[in-house]
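Structural description and commentary
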Amino acid sequence: MRRHELTDEQWQVIEPLLPVSGARGRPRVDDRRVINGMLFKAKTGVAWRDVPERYGPWKTVYNRFWRWSRNGTLTALVVRVRVIAEAVDELDREVSVDSSIVRAHQHAAGARKAITTPSSPGGGRVLPRHGEPDDHAIGRSRGGPSTKIHLACDGHGRPLSVVLTGGNVNDTTQFEQVLAGVEFRRPGPGRPATRPVRVLADKGYSSRANRAYLRRRGIRATIPERRDQQAHRARRGSAGGRPPAFDKVAYKRRNVVERCFNQFKQYRAIATRYDKTATSYQAMIDLATLRMWL
């Protein structure tokens, strides 16, 4: 085993979860070698053509990555490994939410914004790709083209939900969408649990809409109030209402989401975005998430 590659124990967990294909349902050959090639690319950030020959033809590694990113195989692997982790050690259902901006490399530019329909050969209105945002989750902020990763993780700092937007999108606008992707699955039949016991977030998520959303779902909120909100409530007097509850001791545990981002950015293909499409970049994050859950 070399650096960045799956250990024997990790491979024993993943191998039974891989989809089968080929004649008479036989599994593909060299799955471990190809996945190790994907991990090498994610960890080092090299171009696909520069993936070492020990992982086989670079085109094979890329094609399988492209196919698995579009048919949901990598996402399904993460979900299944999460179920196994839940069976071994129950998840900590205290969820922390935050976001981080990633600089988009110049190689990430140039993706087509739409698919031209046969009825409009002149290139009229595009048809959106399957799940691919129109802007490919690349926005222009003060530092240039960038992507923002909106993340929710459990109390152990393991990713539960990821949403990608342009870097100029405000954090609080994606709060509900990030929490909507949080699931706690158990082995066996039945629907997964979707309600955390507590949500920890910084002042960027302090809004009446977010607090009302958590209140409707019966989720405890530990979000500090911004100074301007405190001053506005004080000016209104008794009409301003009581200050929201805030647990300082619980808020100290919010740093798990910062440590989760730190683990993500050990992968150079995530710390800097080279992928042209949000689907491919999300697949890179799925690879890192899979490794973090094993």
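Residues numbered from 1 in each chain as written. Predicted model: local features only at pLDDT ≥ 70, side-chain atom pairs only at ≥ 80, totals over all residues. Heavy atoms only, no water.

Observations regarding the nonpolar core
Rule in force here: For our purposes a nonpolar core is just a set of buried Ala, Val, Leu, Ile, Met, Phe, Trp, Tyr and Cys residues, chained together by side-chain atoms within 4.5 Å. Exposed residues in this analysis have more than 50% of their type's maximum accessible area, buried residues have under 20%, and partly exposed residues fall in between, with area computed by a 1.4 Å probe over protein chains only. Runs of E in the DSSP output that reach at least two residues are strands. Runs of H or I that reach at least four are helices, and both are numbered from the N terminus. What makes two residues a contact is simply this: any of their non-hydrogen atoms within 4.5 Å.
Ranked by internal contacts, the top residues of the largest apolar core, which has 65 residues, are Val97, Ile149, Leu179 and Ile270. At ten residues, the largest contribution of residues to this core is made by helix H11 (residues 278-293). Contact partners of Ile149, with chain neighbours within four places excluded, come to Asp98, Ser99, Ser100, Val102, Val162, Val163, Leu164, Phe261, Ile270, Tyr281 and Ile285.

Topic: a nonpolar patch on the surface
Condition: Nonpolar side chains (Val, Leu, Ile, Met, Phe, Trp, Tyr) within 5 Å and like charges within 9 Å form the patches, drawn only from residues with over 30% relative accessible area and no salt bridge. Here, Shrake-Rupley sampling with a 1.4 Å probe gives the accessible areas, and only protein chains in the shown set may cover a residue. Salt-bridge detection follows one rule: a side-chain nitrogen of Lys or Arg within 4 Å of a carboxyl oxygen of Asp or Glu.
Together, Val13, Ile84 and Val88 make up a nonpolar patch on the protein surface, roughly 240 Å² of accessible area in all. With respect to the secondary-structure elements, Val13 resides in helix H1 (residues 8-14). Its relative accessible area of 30% is what places Val13 among the partly exposed residues.

Structural notes on the side chain of His150
Formally: Definition of a polar contact: a pair of N or O atoms within 3.5 Å, with one able to donate and the other able to accept a hydrogen when the atoms are protein atoms, and with sequence-neighbouring residues admitted only if both atoms are side-chain atoms.
Along the chain, His150 turns up in strand E3 (residues 144-153). In terms of polar contacts, His150 uses its side chain to reach the side chain of Thr165, at 2.8 Å.

Quick look at the environment of Ala193
Tracing the backbone through its elements, the reader meets Ala193 in the loop between helix H5 (175-180) and strand E5 (198-200). In the structure, Ala193 is positioned 25 residues away from Gly218 in sequence and 13 Å away in space, judged by C-alpha atoms. Not counting residues within four places of it along the chain, the set of residues in contact with Ala193 comprises Arg93, Val182, Glu183 and Phe184.

Structural notes on the pairing of strand E1 (residues 94-104)
Put simply, the test is: A pair of strands is treated as paired once DSSP finds two or more bridges between them.
When you tally the buried positions in E1, you get nine out of eleven residues, the bulk of the element. Sheet analysis places E1 next to E5, joined by three bridges and oriented parallel. Residue Ser96 lies in a different strand from E5, and its bridge partner there is Leu200. Judged from the two bridges that link them, E1 and strand E7 (residues 272-273) form a sheet pairing that is parallel. Looking at the pairing, Ala104 lines up with Arg273 of E7.

What to know about the packing of aromatic side chains
Heads up, the condition is: Each aromatic pair joins two rings of Phe, Tyr and Trp (for Trp, the six-membered one) with centres within 6.5 Å, and gets the label stacked for planes under 30 degrees apart, edge-to-face for over 60, and tilted for any other angle. Remark: a charge is flagged as sitting over a ring if the NZ atom of Lys or the CZ atom of Arg is within 6 Å of the ring centre and within 35 degrees of the ring normal.
Overall, the coordinates contain six aromatic pairs when judged by the stated rule. With 5.7 Å between their ring centres and 40° between their planes, Phe40 and Tyr55 make a pair best called tilted. Separated by 15 residues along the polypeptide, Phe40 in helix H2 (residues 31-44) and Tyr55 in the loop between H2 and helix H3 (58-70) bring together distant segments of the chain. For the residue pair Phe40 and Tyr55, the accessibility class agrees, reading buried in each case. Residues Phe175 and Tyr205 carry aromatic rings whose centres are separated by 5.6 Å and whose planes lie at 45° to one another, so their mutual orientation is tilted. Within this pair, whereas Phe175 is found in helix H5, its partner Tyr205 is found in the loop between E5 and helix H6 (208-216), the two being separated by 30 residues in sequence. In this pair, the class of Phe175 matches that of Tyr205, namely buried. Through a chain of ring-to-ring contacts, three or more aromatic side chains come together here, namely Trp48, Tyr62 and Phe65. Positioned above the aromatic ring of Tyr267, the side-chain terminus of Lys43 is 4.2 Å from the ring centre.

Considerations on the environment of Ser207
Tracing the backbone through its elements, the reader meets Ser207 in the loop between E5 and H6. Setting aside its immediate chain neighbours within four residues, Ser207 contacts Thr172 and Gln229. A distance of 3.2 Å separates the side chain of Ser207 from the backbone nitrogen of Asn210, its partner in a polar contact.

Remarks on unusual backbone geometry
The phi dihedral of His4 is positive, around 75°, even though this residue is not glycine. If you trace the backbone, His4 turns up in the segment before H1. Residues other than glycine seldom take positive phi values, yet Ala137 does so here, at roughly 60°. Looking at the element boundaries, Ala137 is found in the loop between E1 and strand E2 (139-141). Taking relative accessible area as the criterion, Ala137 reaches 1% and is therefore assigned buried.

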